[in-house]
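Residues per chain are reported as follows:
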Amino acid sequence: MHERLSYYVKRDSSIHRLNPLTKIVVALGIILISFSSPWYWTSLILLFLVITPLCFVGEVSKEFFRSAIRLIIPAAGFIFLMQAFFQPVGETVIFSFWILDVTQESLSYGFYVATRIAVMISAFTFFLLTTHPSELMSDLTRRGLPGQFAYVIISTLQILPQMQAKAQTIIAAQRSRGLDTESTFLKRAGSLVPLVGPLVFGSLIEVEERAIAIEARGFTSTHVKTSLHDVPDTSLDKTIRWILVGLVVITLVLKLWLS
Amino acid sequence: MLDKIKKDFTTMTWVLIPVAIAINIAIGQIVVLLKLPVFLDSIGTVLVGIICGPWAGALTGALSNTIWGLFNPDSLPWWPVAFFIGLVAGFCANAGLFKNWWKVILSGFLIALTAAIVSTPISVYLYGGITASGSSFITAYLLQTGQGLWSAVVSTSFLTEPVDKISTAMLAFAIVQGLSKRLVARFPRPENAAAEAGNSTTQLITAIIVTIIVVALGFVVRNMLS
């Protein structure tokens, strides 16, 4: 239940030095190309010939493969199995199990959906491994994103682990009092209230204090704020972003033209 | 219009949103731990919708799924659903539908309806109707019986969403009622949370009629698709 929230790995690679906006454009571009491409093998090629090499360039390949084993392969594999068993398409039955038929068509469709999902997750993972959240936020704020958005995202990333730890404490405390969290359905449903109540009320009470604290530090001030970090944005970044936008447009045109 | 929306985003709202997102995720995980057949992962979103208005609720929902996507990537493509859950919860609250328990059931139903409609295209386009969630067994069964893809997905949503969203709305209502009046008054829309004392028969009858109309509408939509 206690997951690591920031994936960021501190390295000094050419990918790490890119502007955060460029990296998010690259990740979203890859996802869009994968989902809009009319060609069956696009996602697989993107996965092995684009995302994986990018992770090697970014010197995060070890972490990438670790999250591939932990996250990407199980998620994509599960979707593949669901599709293979439950999609009622095709005639060529490979084997039957109970009332479910696995056909050649459902296998190939499942593979198609699963690779697209795998591209989505791994592009996102690549982005998270090479970009620090606060770096992204300070760059986006400089580009005109209201500071409040940056506050929400950074603050959530900080509150969440605290909240999860608090939830663990409450569960342990209520269990030691004899709260039933494992037996019949009604008892489990009934124990929702003593677990959720303390967690929610405890955290909502802090809201007011925190609001006063950040208000006192000029949260709602409309003046331009200076940033401690200077995030570089080179002409290379701009070129990469335009190339990606171009590629996405080309894929969309191809898709519309071919269908 | 824009000024009206801006009025909802006070410092209290901005501070509540991260807490609400954390509540969404933490309760979602507690529910998994208790092995309950619901998600209950939008209680925080509905809560913000009630006391801070529809657009704050919508923002909470969208950001919630994006941030949850950091360690559960499967929730990422569903952010429009969460967006509309927050929005509809907010509109229901503005219309006074979070003031007593049967009105809350009605809001839960409206939220479920929205969630079902918004999630269908995502499910069909991204996953071919079979998602990674357990309710796909129903979709698969309906597909095997020869129903069309869209109607199978919509029927599954109409079967599973109301239970989840009505309990979500009920829990959010209970939380708002449990907060002190002084704290609620600091948020932009405390009037949405003020509970009505006593409920008259006419109101109850109206609610039943509206619920029946909503159910009928659901069936009409379903039949139109099949």
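A quick note: this is a predicted structure, and the numbers were derived from the prediction, not measured.

What counts and what doesn't
Residues numbered from 1 in each chain as written. Chains lettered and ligands numbered in written order. Predicted model: local features only at pLDDT ≥ 70, side-chain atom pairs only at ≥ 80, totals over all residues. Heavy atoms only, no water. Helix = DSSP H or I, 4+ residues; strand = E, 2+ residues; numbered from the N terminus. Rg over C-alpha atoms; globule rule 2.2 N^0.38 Å. Buried < 20%, exposed > 50% of the residue type's maximum accessible area, 1.4 Å probe, protein only. Contact = heavy atoms within 4.5 Å. Axes fitted to C-alpha atoms, helices over the stretch in contact; angles between N-to-C directions. Parallel < 35°, antiparallel > 145°, perpendicular 65-115°, else oblique. Core = buried A, V, L, I, M, F, W, Y, C linked by side-chain atoms within 4.5 Å. Salt bridge = Lys/Arg side-chain N within 4 Å of Asp/Glu carboxyl O. Buried area = accessible area lost by both parts, 1.4 Å probe. Polar contact = N/O pair within 3.5 Å; in protein donor to acceptor, adjacent residues only side chain to side chain.

**What to know about the overall build of chain A**
Here comes step 1: Scanning chain A from terminus to terminus reveals nine helices and two strands.
Here comes step 2: Its C-alpha radius of gyration of 23 Å places chain A more than 25% over the 18 Å reference for a compact globule of 259 residues.
Here comes step 3: The buried share among the 259 residues of chain A stands at 44%.
Here comes step 4: A separation threshold of at least 6 residues defines the contact pool for chain A, and within that pool the share at least 24 residues apart is 69%.

**Looking at the packing of helix α4 (residues 104–130) of chain A against helix α6 (residues 101–127) of chain B**
Here comes step 1: Where α4(A) contacts α6(B), the axes come no closer than 9 Å and their chain directions differ by 110 degrees. Accordingly, the angle class assigned to the pair α4(A) and α6(B) is roughly perpendicular. Packed against α4(A), whose contacting residues are Tyr109(A), Val113(A), Arg116(A) and Ile117(A), the element α6(B) presents Tyr125(B), Leu126(B) and Tyr127(B) at the interface.

**What about the nonpolar core?**
Here comes step 1: In this structure, Ile51(A), Leu192(A), Leu204(A), Ile51(B) and Phe98(B) are the most contacted members of the largest nonpolar core, which totals 122 residues.
Here comes step 2: With 15 residues, helix α2 (residues 11–33) of chain B is the single largest residue contributor to this core.
Here comes step 3: The contact partners of Phe98(B), leaving out residues within four places of it in the chain, are Val46(B), Ile50(B), Ala89(B), Cys92(B), Ala93(B), Val104(B), Ser107(B), Ala169(B), Phe173(B) and Asn192(B).
Here comes step 4: Counting seven residues, the second largest nonpolar core, distinct from the first, contains Met82(A), Phe86(A), Ile130(B) and Ala152(B).

**Focus on the pattern of salt bridges**
Here comes step 1: Across all of its chains, the model carries 14 salt bridges over all chains by this definition.
Here comes step 2: Where Arg11(A) meets Glu63(A), a salt bridge forms, and the shortest distance between an N and an O atom there is 3.1 Å. One end of the pair, Arg11(A), is in the segment before α1 (20–36); the other, Glu63(A), is in helix α3 (residues 61–86), and 52 residues separate them in sequence.
Here comes step 3: Arg11(A) sits in the partly exposed class, given a relative accessible area of 33%.
Here comes step 4: With a shortest N-O distance of 2.8 Å, Glu208(A) and Arg186(B) are connected by a salt bridge.

**Things to note about the interface of chain B and chain A**
Here comes step 1: Facing the 55 residues of chain B at the interface are 62 residues of chain A.
Here comes step 2: Of the roughly 5,300 Å² buried where chain B meets chain A, counting both sides, 78% is carbon and sulfur surface.
Here comes step 3: If you look at where chain B meets chain A, you find two salt bridges.
Here comes step 4: Measuring nitrogen to oxygen at the nearest pair gives 2.9 Å for the salt bridge that ties Arg182(B) to Glu208(A).
Here comes step 5: Our enumeration of links across chain B and chain A arrives at eight residue pairs in polar contact (both at pLDDT 80 or more).
Here comes step 6: Of all the secondary structure elements, the ones that give two or more residues to the side of chain B that touches chain A are α2, α4 (54–68), α6, α7 (136–144), α8 (149–178) and α9 (181–184) of chain B.
Here comes step 7: The leading source of residues in the side of chain B that touches chain A is α2(B), at 18 residues.

**Some thoughts on the environment of Ser75(B)**
Residue and element names in this part refer to chain B.
Here comes step 1: Looking at the secondary structure, you find serine 75 in the loop between α4 and α5 (79–94).
Here comes step 2: When its relative accessible area of 11% is taken as the criterion, serine 75 is described as buried.
Here comes step 3: Sequence-wise, serine 75 and leucine 34 are 41 residues apart; in three dimensions their C-alpha atoms are separated by 20 Å.
Here comes step 4: With near-sequence residues (within four places) excluded, serine 75 lies in contact with Asn65, Trp68 and Gly69.

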